[in-house]
Amino acid sequence: MRGGKIAVVGGSIAGCAAALALRRGGADEVTVYERAADRLADRGVGLAMHNARYAELESAGFVDASMPWHQVARRRWFVRDDGSGTNGPLGRELAVMPFPFRTYNWGPLWRELRRRVPAAADFRHGSAVEAVEVTPEGAAVHADGRTDRYDVVVGADGYRSAVRAAVHPDVRPGYAGYLAWRGAYPAERLRDPGLWTEDECVYVVFPGGHLVTYRIPDGATGGHRVNWVLYTAPPPGLDQGLRTPTTVPPGTAGDGLRAHLAYVAAELLPDYWGDVVRATTHDELFLQPLYDFTAPRYAVDRALLMGDAATVARPHTGAGAVKALQDATALHSALTSAATWPEALSAYDADRAPTGRVMVDLGRRLGRGLVQETPDWRALDQAGLDAWWQRTDGAGAFGGRRLGS
């Protein structure tokens, strides 16, 4: 199938991958609307990509080894167990599991994808979309005081998607009931870095939550940054304003929430991992209330959804960016195998909507097991934690489903 005038709403990882897929798939004109003028490349938090999913995406031409990455090989689990007599600075080790993941810094990864978007695509930074209209014949995009018409519109505009609102107005993100604290900073700040080898991802578990931390590339220096995420429910009364989709940018969390984080770091984490959290400056800390949802259909009339516009699964799944890139891969495949736009959109929907449901279900199971209904971690050993993880992961979709499954 060749031809077509396409709008992509959203220019982050999903949007860049969509533009790349569309141009490769034969679209004549691609216009990308991105509301941010120049802030995307400054995002410095981490993400992880399973080695097997990387191999599939590399084969499809959406990632390659020139994108800055760091290899992680294993995952170590720790718990603070002051009464065990074996609680060193790292805590008591519960288990070690294989963890074949590449880690990335969001900003440099986005820059590499943006660089690969063909020059023929019209990439409009600082262009906010006010509304989208979709019909069986085409779509209209209202932005910057004008209306442009397209054969198809792609929603890659995140969990508050204007495109999803046009085709699924009743689908809204639901608050999970807990938060993710995030931080990233140069690895030179680490105390005793030799205690934590560079090829390890660490899970530190405690009643009602856990900390995940690993190193990512530093896009500025060529070294590493420490990337961490801590999941826990806020004390009663401190989640006001977070139950509807929102963000708490770096440096803006209130005193109560920061006091709760300080309590978790001092009283629930082993000393070393508490220091990892405390080494983050106030301006580097940000808060991500967790939501999830999935659209019942990924394509309606002449609109299709990608990435977080289509599905938001809790980040426990280790597959957010992977799924967005897989969506682009499936879109490219649908375009190269279909004769008409309705056929292409139908094929894309049949491929990706089931994956969205699987990933949301996985995120909820992991959320229950790792935050909301945590076991007695101190009672688990290697065999017990292996069995617990197998039950909790269920279908084995952690890190993302295999393409085409």
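Only a predicted model underlies this, so the values are computations on that prediction, with no experimental measurement involved.

### Regarding the pattern of salt bridges
- Summed over the entire model, instances satisfying the criterion amount to 22 salt bridges.
- Between Asp82 and Arg80 there is a salt bridge, with its nearest N and O atoms 3.2 Å apart.
- Residues participating in the shared-partner salt-bridge network are Asp64, Glu112, Arg115 and Arg116.

### Thoughts on the packing of helix α1 (residues 13–24) against helix α7 (residues 320–337)
- Where α1 meets α7, the axes come as close as 9 Å, and the angle between the chain directions of the two elements is 15 degrees. When the interaxial angle is binned, α1 and α7 end up roughly parallel. Judged by the twist between their axes, the crossing of α1 over α7 is right-handed. Of α7, the residues touching α1 (which contributes Ile13, Ala14, Ala17, Ala18, Ala21, Leu22 and Arg24) are Ala324, Leu325, Ala328, Leu331, His332 and Leu335.
- In the contact of α1 with α7, the residues fall into eleven nonpolar, one polar and one charged.

### Overview of the UniProt feature "domain: FAD-binding" (unreviewed entry) in the chain
- Under the feature "domain: FAD-binding" (unreviewed entry), the UniProt entry names residues 289–361.
- Helix makes up 53% of residues 289–361 and strand 18%. Its end C-alpha atoms lie 18 Å apart.

### Overview of the environment of Thr280
- Note that Thr280 resides in the loop between α6 (271–278) and β15 (286–294).
- We classify Thr280 as buried; its relative accessible area is 9%.
- Measuring from C-alpha to C-alpha, the distance between Thr280 and Val226 comes to 9.5 Å, with 54 residues separating the pair along the chain.
- When near neighbours in sequence (up to four residues on either side) are disregarded, Thr280 contacts Gly183, Tyr185, Arg189, Trp228 and Leu285.
- Separated by 3.0 Å, the side chain of Thr280 and the backbone oxygen of Val277 make a polar contact.

### Side note on the side chain of Arg352
- Mapped onto the elements of the fold, Arg352 is located in helix α8 (residues 341–372).
- Filtering out sequence-adjacent residues up to four positions away, Arg352 remains in contact with Tyr298, Lys323, Gln326, Asp327, Ala330 and Leu403.

### Quick notes on the side chain of Arg92
- Relative to the elements of secondary structure, Arg92 occurs in strand β5 (residues 92–105).
- According to the relative accessible area criterion, Arg92 is buried, its value standing at 18%.
- For Arg92, the side chain forms a polar contact with the side chain of Asp81, separated by 2.9 Å.

### Focus: the packing of aromatic side chains
- Evaluated as defined, the whole model comprises 17 aromatic pairs.
- Seen from their ring centres, Phe101 and Phe398 are 5.7 Å apart, and the 55 degrees between their planes marks the pair as tilted. Here Phe101 is found in strand β5, whereas its partner Phe398 is found in the segment after α9 (382–393), with 297 residues between them in sequence.
- A residue is classified by how much of its surface remains accessible, and Phe398, at 11% relative accessible area, is buried.
- Ring geometry for Trp377 versus Trp388: centroids 5.1 Å apart, planes at 75 degrees, classification edge-to-face. One end of the pair, Trp377, is in the loop between α8 and α9; the other, Trp388, is in helix α9, with eleven residues separating them in the sequence. Note on accessibility: Trp377 and Trp388 belong to one class, buried.
- Members of the aromatic cluster, each reached through a chain of ring pairs, are Trp77, Phe99, Phe101, Tyr203, Trp377, Trp388, Trp389 and Phe398.
- Note that Arg24 overlies the ring of Phe62, its terminal NZ or CZ placed 5.2 Å from the centroid.

Rules used in this analysis
Residues numbered from 1 in each chain as written. Predicted model: local features only at pLDDT ≥ 70, side-chain atom pairs only at ≥ 80, totals over all residues. Heavy atoms only, no water. Salt bridge = Lys/Arg side-chain N within 4 Å of Asp/Glu carboxyl O. Axes fitted to C-alpha atoms, helices over the stretch in contact; angles between N-to-C directions. Helix = DSSP H or I, 4+ residues; strand = E, 2+ residues; numbered from the N terminus. Parallel < 35°, antiparallel > 145°, perpendicular 65-115°, else oblique. Left-handed = near helix turned anticlockwise from the far one by under 90°. Contact = heavy atoms within 4.5 Å. Nonpolar A, V, L, I, M, F, W, Y, C, P; charged D, E, K, R; others polar. UniProt positions renumbered as here; feature names shortened; annotations may be inferred. Buried < 20%, exposed > 50% of the residue type's maximum accessible area, 1.4 Å probe, protein only. Polar contact = N/O pair within 3.5 Å; in protein donor to acceptor, adjacent residues only side chain to side chain. Phe/Tyr/Trp six-rings, centres within 6.5 Å; stacked < 30°, edge-to-face > 60°. Lys NZ or Arg CZ within 6 Å of the ring centre and 35° of its normal.

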